[in-house]
Structure formats: C-alpha cells, structure tokens
Amino acid sequence: MDRWWQDAVVYQIYPRSFKDSNGDGIGDIPGIISKLDYIKDLGVNVIWLSPVYKSPNDDNGYDISDYRDINPEFGTMEDMERLIAEAGRRGIRIIMDLVINHTSDEHPWFVKSRQGHPEYRDYYYWRKGKNGGPPNNWTGFFGGSAWEKDEQTGEWYLHLFSKKQPDLNYHNPRVLEEVKDIMRFWLDKGIAGFRCDVINIIYKTSLEDGKSRLILKGIEHYLSQEGNHKILRTLREEVLSKYDCFTVGETVFVTPSMARDLCGADRGELDMVFSFEHMETDQFIVKWFKRRFRPKRFFRVISKWQRELDWNANYLENHDQPRSVSRFGDDGRFWEKSAKMLAMLLLTLRGTPYIYQGQEIGMTNFDFVSMQDIRDVESHNIYKIACDLHFPKWFRWSLIKRTSRDNARTPMQWDTGEHGGFTDGSPWINANHNYTRINVADQKNDPNSVLSFYKDLIRLRSASPVLRKGTFKPLKIGRKVFIYEREYLGRKLKVILNFSPRTRKIDMQGNVLISNYKRGVLDGKIYPWEGVIIG
Ligand code: TEU
Ligand code: CA
C-alpha cells in the first residue's frame, strides 16, 4: 500500500477538553464536528482521536469498558460515524486510540473474570499472593505495587497502570482474537489506523520478581519481548494489511535499536513509533524529578533519532506531557517567538509531525494553585505517595505543577468568552486564565500569530519534497543553537533554531524562506528564539 501517511500532518484531539457542544462541561464529538473546518483550515490531514470508547473514566478513557461503543458523555455511535464522514469529506482521515494492554475493571470480560468465570478467568493475570503480599515485586507506572488483591477469591490481579486498568493476558490466544475483531470493527467503519497505547509492553514473558531498580521493577519481563513482536506481526498480517491504514505505536523506554525492531519497514509490525528519549532530557530517572532543560542535550537526542531511524513520529506535546512552550521555550517575554520556533522544529524534521490541540496557538501550562484543581489519577497517586514520604507541601505541589499531565488537559482556548469558549456550562477542568490573551479567535485573522505561522509551515511542508522526504544531517549542535540540513535529489534546505533570549552571530548565508522574524536574507545574526529556514 502506498505510504500516504509519510506525507501527513497529524492533529491530536483529546476529546474531553476540545469543544463542548451541550453545556455539560465535557468536550464531545458534536463539538469536534463543529470545529472540523478549523482543523481543515490548519492544513492537517489526519486526526488522532484519543479514546472516545465507553469508559468509567478512571484514566479519562484509557480504561475502556466497551470497545464497540461510544462514551455517552461524548455522544453516540451515529455521532462518531458522522465525524468520520464529515472529516472524510474534508480530506481528513481519523485514527483512533487502541488501548489493548489493559481494559477497565468494569469491562464485562473483567467482571466475569473476577467472578471466576472459566472462559474469562484467563483473560487477565490472576495469581496467589506471597507471604501476605503481592505475587511479585513489580511496580506500576502510576506508582506503587502493580498488583491488587481481590477479596472475592483472595487472588491478586496485575495492573501496570491504575488499579481500575487490569492488564490483559496475551498468553491466552482468545484475547488476541478479541483484539483483531475490535480492530476490524473500527477499520470497517472507515478509520485510517490506530495510535497503539503502550504497545511494546503488552506481552509479559514471565511473572518472576524484577531486578531491584528504582522504578518499574519487573520491566525486563515485559519490555519489547519476542512475544510482543509476534503479536504485532500477526495483527499486521491478519488485519491491518487488508486495509489502507497505518499504525503509530506509543512505545515506552525504547532505544533506537528497539524502535527499529518495532517499526522497521522490513519488520511487518508498526509503521512508526513515538519514542520518549527527547522528552526525558529534562528529568532524572523519573519525570517527577526535573532537571534544568539544556537545549544541547535535547538537540543531541533528536539528532540521534533522526539519524538512527528511517522514519520518526515527531512530537513535542501530547495529552501526557506539559506544554512545549512552557517547557522548552519561554512562555513569558518570548512566548510568541519561542512557540513559533518550536513549530519550526516540529515541522521541519524528517518524519510524520504530530500537533497536539492548542499547541498551534501556543497554549501554556496551567495556572492552577492547588490539588483541588487537579483531575488526573496519576497526579493524585503521586501526590499521595509524596505525602506518605513526608515531602513538604510546597515541594509536593512543585512536582505536580511542573509535571502533571493536566498541564495539557485544560480546555482548548477558542475565544475570549467565559472558559475560553470551551463550554457554556462549568468545565470538568478549569481553563487557563490566559485564554483572554491566547485564543483561536484572536489569532485566526492575524497573519503574524502563532496559529498563522503553523499554517504557513504546514503549507510550506506540503509544497516541499525536501521537507517531506529529504534526509536529515545535523550541521551544528550548539549549547543553544541547532542547525540541520535537509536534502532531497540535490535540493537542500537549512534550518537554524536559536533556543535562547540572546542574539547570536552566525556564519551562514542564504535567502530566508521563512522566519518568525520578518527578514529577507540572513545577515550574520540570529535573533532571540528565532527560527529560520534558508534555501
Ligand atoms: O501512556 C503511557 C505512559 O507510559 C506515560 O506517558 C504515562 O502517561 C505516564 O506519564 C507515566 O508516568 C499511555 C497514555 O498515553 C496515557 O494517557 C495512559 O494513562 C496510559 O497509557 C495508560 O493507558
Ligand atoms: Ca458535552
């Protein structure tokens, strides 16, 4: 099949926070439909929709209780079909989130499994405890033990995420059959593929104790196992290859060589993966322990992945990460310049770019002041652990403030109306008060806005085979300046990015194709947070 997804620009929607159409404070599918013209106008041609399936929302839809139904808060199956059709009419394809490492504990499979139903018991991992404790020493992604004791049978079940997200057991072949059916169900409705949630940890080779390590004890038993590769090849062969679609895997803790095994063109598994290494350059070991953002470290990692993989899924934001302008840019004095410069980085790398809702207008981290504003289950778990460890209150809050996933989950800022025009009711999570300054309505007709810059870059990229298909070569990885070259059939473009509030000298010449400053030719200088493409 042709690799149309290599020419795509993807826009991620987190439905809960995008647009509320009926005043209940929760974003929904009719809300998304009402904004399709906006998305079309941006120039993207694929939407990745975070989960809209039926879910008790312990982890905002990443805990699914029915894979074939829509969460009533978001609308109906008819709404979903209308969304696929309306998007299609605008030349936009939709990929859905495929969350198959775990289900909700309210999924009928788990309900029956928990009751000991012989057909369903083995859909999940049930084990006896050891010495009054859990069956092994594994720890989970949201902190604490990865096991939960069930009082009905006295046995424990495995959950790498929240305790309402029990892990599916892929040693049972019936589980994979169920997954294949679910995938076909949605592909038959006309979706163009899947973003596959934590897809490189779904197969647990054994349930032995993990080596002693600081975080995620046990990971060596389930990270990118051979059984996992086998599952991916089966899904490709038996399901995905029959459709014109693509997959992007969310793959945690991967190195470039592990990633190549998951998405190399010759492997027959995934089409591309989201790696995490560039997102880990401002942390020690776990994301909760931040260290200063050093651009050079970041450039090195990006460069490494660009060179080591033929094709990357490039992103600076998603629903799990703080906002990029607050994290890698300057959301104060150089807010506009740095948001635009980050846009240039994202849209000039080799690979498929993913823009997260609100990124295109430079949305920033939240301005919350206490835990009362926080909704995320992960943040609450971590806060509780920090309390148990007697961390002082100011410190606990500082961890949450800088790192919480809710930074990305505040409502999309549409206009200067109450709650940024997201809802007429009261929102499930508060809007950032800066919606009066940062919103779509103000940026839409301003040719110098962050939004207009995104549109310009997307257009430039669509028109430029060099940007879409060219090779990547780093020319300078400086402390604050990153320069690289893209080349295709002898045509070359250079991208120069200044991650600093100071003007820098630069010995490079050329006509400026686009810059976040107005200029015609490069004059030996690169301005604060400037990004330029020269040709
Ligand atoms: O995320 C998996 C993941 O490893 C992390 O990004 C996670 O969000 C957390 O930050 C670890 O500290 C995926 C989804 O993107 C996330 O929203 C879900 O909560 C998670 O899987 C479970 O389905
Ligand atoms: Ca709603």
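From a predicted model like this one, the values you see are computed outputs, not experimental measurements. (Residues numbered from 1 in each chain as written. Chains lettered and ligands numbered in written order. Predicted model: local features only at pLDDT ≥ 70, side-chain atom pairs only at ≥ 80, totals over all residues. Heavy atoms only, no water.)

Peer 1: Looking at this structure, how should I read the environment of Val301?
Peer 2: Within the secondary structure layout, Val301 lies in helix H8 (residues 295-308). The class for Val301 is buried, based on a relative accessible area of 8%. Measuring from C-alpha to C-alpha, the distance between Val301 and Phe334 comes to 24 Å, with 33 residues separating the pair along the chain. In contact with Val301, other than residues within four places in its own chain, are Glu277, His278 and Thr281. (Helix = DSSP H or I, 4+ residues; strand = E, 2+ residues; numbered from the N terminus. Buried < 20%, exposed > 50% of the residue type's maximum accessible area, 1.4 Å probe, protein only. Contact = heavy atoms within 4.5 Å.)

Peer 1: For this particular structure, what's the right way to read the site of ligand 1?
Peer 2: In the vicinity of ligand 1 there are 19 residues, among which Asp59, Lys287, Asp320, Glu378 and Arg405 approach most closely. Between ligand 1 and Asp320, the relevant distance is 2.5 Å, taken from an oxygen atom to a side-chain nitrogen or oxygen of the residue. Isolated, ligand 1 exposes 490 Å² of accessible area, and the fraction of that covered by the protein chains is 93%. More than half of the atoms of ligand 1 fall within 2 Å of the grid points belonging to the largest pocket. (Near = heavy atom within 4 Å. Polar contact = N/O pair within 3.5 Å; in protein donor to acceptor, adjacent residues only side chain to side chain. Areas by Shrake-Rupley, 256 points an atom, 1.4 Å probe, with all protein chains shown as cover. 1 Å grid on protein atoms, 1.4 Å probe; cavity = no way out; pocket = protein on both sides within 12 Å on 5 of 7 lines; lining within 4 Å. Sits in = over half its atoms within 2 Å of the grid points.)

Peer 1: In this structure, what is going on with empty space enclosed by the protein? I would like to understand it.
Peer 2: Over the atoms rolls a probe the size of a water molecule, and its path tells where empty space is left. For the structure shown, the criterion picks out five cavities of 30 Å³ or more. Taken as a whole, the largest cavity holds about 160 Å³ of empty space. Around the largest cavity sit 14 residues that line it, and His278, Ile302, Asn314, Tyr315 and Leu349 are the ones nearest its centre. Per-element accounting of the lining of the largest cavity gives the leading share, four residues, to H8. In terms of residue class, the lining of the largest cavity is built from nine nonpolar, five polar and no charged. In this structure, the second largest cavity spans a volume of roughly 60 Å³. Along its surface, the second largest cavity is lined by Gln12, Trp48, Arg195, Glu250, Phe274, Phe276, Tyr315, Glu317, Asn318, Tyr354, Ile355 and Tyr356. Here the element with the most residues in the lining of the second largest cavity is strand S15 (residues 352-356); it accounts for three residues. (Points joined across faces, edges and corners; volume = space filled by probe spheres on them. Nonpolar A, V, L, I, M, F, W, Y, C, P; charged D, E, K, R; others polar.)

Peer 1: I tried to follow unusual backbone geometry on my own but got confused; where do I start?
Peer 2: Negative phi characterises most residues that are not glycine, and trans characterises most peptide bonds. At Asn57, a position not held by glycine, the phi torsion is positive, near 65°. On the basis of relative accessibility, which here comes to 17%, the residue Asn57 falls in the buried class. Not every positive phi belongs to a glycine, and Leu489 is a case in point at roughly 50°. In this structure, Leu489 sits in the loop between strand S17 (481-488) and strand S18 (491-498).

Peer 1: It is not clear to me how the sheet that holds strand S16 (residues 471-477) should be interpreted in this structure. Could you clarify?
Peer 2: Backbone-to-backbone hydrogen bonds join strands into a sheet, with any given pair of strands oriented parallel or antiparallel. Sheet architecture is open: five strands sit in the order S16-S17-S18-S22-S20, paired in antiparallel fashion. The strands lining the two open edges of the sheet, one partner per strand, are S16 and strand S20 (512-515). Strand after strand, the sheet turns through a mean of 20° between neighbouring axes, direction not considered. Seen against the sheet, helix H10 (residues 335-348) touches S17, S18, S20 and strand S22 (531-534) and runs at an angle of roughly 145° to S18. Set on the sheet, helix H14 (residues 450-463) makes contact with S20 and S22; between it and S20 the angle comes to about 145°. (Pairing = 2+ DSSP bridges. Axes fitted to C-alpha atoms, helices over the stretch in contact; angles between N-to-C directions.)

Peer 1: Can you help me understand H10 in this one?
Peer 2: Side chains of residues three or four places apart in an α-helix project in the same direction, reflecting 3.6 residues per turn. Taking 1.5 Å as the rise per residue, H10 with 14 residues should run 20 Å; its terminal C-alpha atoms sit 20 Å apart, in good agreement. Across the 14 residues that make up H10, a large majority, 13, are buried. (Expected span 1.5 Å × (residues − 1).)

Peer 1: Can you walk me through the sheet that holds strand S14 (residues 313-315) in this structure?
Peer 2: What the eight strands build is an open sheet, ordered S11-S10-S9-S5-S2-S1-S15-S14; its pairing is parallel. Looking at the sheet topology across the chains shown, the edges are occupied by strand S11 (272-274) and S14. Sheet twist, expressed as the average angle between the axes of neighbouring strands with direction ignored, equals 25°. Where strand S1 (residues 10-13) meets strand S2 (residues 46-49), four bridges bridge the pair, whose relative direction is parallel. Each bridged residue has a counterpart across the sheet, and for Gln12 the counterpart in S2 is Trp48.

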